[in-house]
Amino acid sequence: MRIGPYQLANNLIVAPMAGVTDKPFRQLCKRFGAGHAVSEMITSDQSLRLTKKTQRRADFDGELAPISVQIAGSDPAQLAEAARYQVDNGAQIVDINMGCPAKKVCNKLAGSALLQNEALVGDILHAVVSAVDVPVTLKTRLGFCNGEENILRVARMAEDAGIAALAIHGRTREDMYNGDARYALIHEVKQQLRIPVIANGDIGTPQKAAEVLRATGADAIMIGRAAQGRPWLFREIGHYLATGELLPQPAVAEIRDVLIEHLDGLYSHYGEYSGCRIARKHIAWYTKGLRGGNEFRQTMYKLESTTEQQQATRGFFERLLAAGERLTYDVDLAANQGEI
């Protein structure tokens, strides 16, 4: 898998997820075998550039190359300027968000709302590609409404504009994350384009990863929600694609250490107050489906300091370790976690 001049380690990519794919999460997923990761979206609105939230999202210090930054907005000139700014800030790849279905994003005619205006889509693509001398990629959906899927036209526009790679979520904006992702149109896009195509949507197991690659013929797959609390999913998928064999569940002690490391990264990145609160959702994802996880989470949510939070997390995994060497889930996570 190649994006412009960058040869990726493999064809497994971490999806950009607002509030999730921050630097600590991206680094962890790459360590577990993701060949590439895209940052959470950064607004093109210059008035928000100096906020703490935006500055944290634009922190790529110490991150493995290539660094890919996703920008969001609806004004071609503003997006072009944002792309130049992020390249000056260290971005080696710029990704354009035309896939986010969130109401607060679509209400500003950004994200997947852009798919309603193909002329504006074309203007944005040309403006951003022309603004920078690094590869520009696009993340999008099948279309805005069911029955009006326009991904084939948008994909051709993207290639003609000089987009270096195209990631497609197999749902429309109308679908949000409901129902099953559809892959037939992604397959059609792949047949028509010369640039790399990345399939996205509902990839939660190694077997599903192989199935989606076969069904779409895509050059790579992009994984999001299924990796929340399971960054080792990339290791499992990579092993299965290479050997056809499933790895056993990871050792409790390993995941205990991984989570503690992840917490340390969050505390360092966000500080004591915000770090403690942002860590809660990650701890919840890590412990979902594990024995005693629900009771632990109810207690954990009430803790107000990073020290208490970390101690409680260590204690929970020590109790799991006393019951067995490997993680044992009470629910089928693959059936309950889709992909963003």
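Basis of the calculations
Residues numbered from 1 in each chain as written. Predicted model: local features only at pLDDT ≥ 70, side-chain atom pairs only at ≥ 80, totals over all residues. Heavy atoms only, no water. Salt bridge = Lys/Arg side-chain N within 4 Å of Asp/Glu carboxyl O. Helix = DSSP H or I, 4+ residues; strand = E, 2+ residues; numbered from the N terminus. Buried < 20%, exposed > 50% of the residue type's maximum accessible area, 1.4 Å probe, protein only. Pairing = 2+ DSSP bridges. Axes fitted to C-alpha atoms, helices over the stretch in contact; angles between N-to-C directions. Parallel < 35°, antiparallel > 145°, perpendicular 65-115°, else oblique. Left-handed = near helix turned anticlockwise from the far one by under 90°. Contact = heavy atoms within 4.5 Å.

Draft legend 1. Quick look at the pattern of salt bridges. For the structure on display, the rule yields 17 salt bridges. Note that R235 and E254 form a salt bridge whose closest N and O atoms lie 2.9 Å from each other. Taken together, the positions of R235 in helix α9 (residues 233-243) and E254 in helix α10 (residues 252-270) put the pair 19 residues apart, joining distant regions of the chain. On the accessibility criterion, R235 (31% relative accessible area) is partly exposed.

Draft legend 2. Broad picture of the sheet that holds strand β7 (residues 93-98). An order of β4-β3-β11-β10-β9-β8-β7-β6-β5 is seen for the nine strands of this open sheet, with the pairing classed as parallel. The strands lining the two open edges of the sheet, one partner per strand, are β4 (36-37) and β5 (42-43). Sheet topology note: the strand β6 (residues 68-72)/β7 ladder contains four bridges and is parallel. Within β7, the residue paired with I71 across the bridge is I96.

Draft legend 3. Representation of the packing of α10 against helix α11 (residues 272-287). Across the interface, α10 lies against α11 with an axial gap of 8 Å and an inter-helix angle of 150°. One finds that α10 runs roughly antiparallel with respect to α11. When you trace α10 past α11, the crossing you get is right-handed. Along its contact with α10, which presents I255, V258, L259, H262, L263, L266, Y267 and Y270, the element α11 presents E272, S274, G275, C276, I278, A279, H282, I283 and Y286.

These results come straight from atomic positions and should not be treated as a statement about function.
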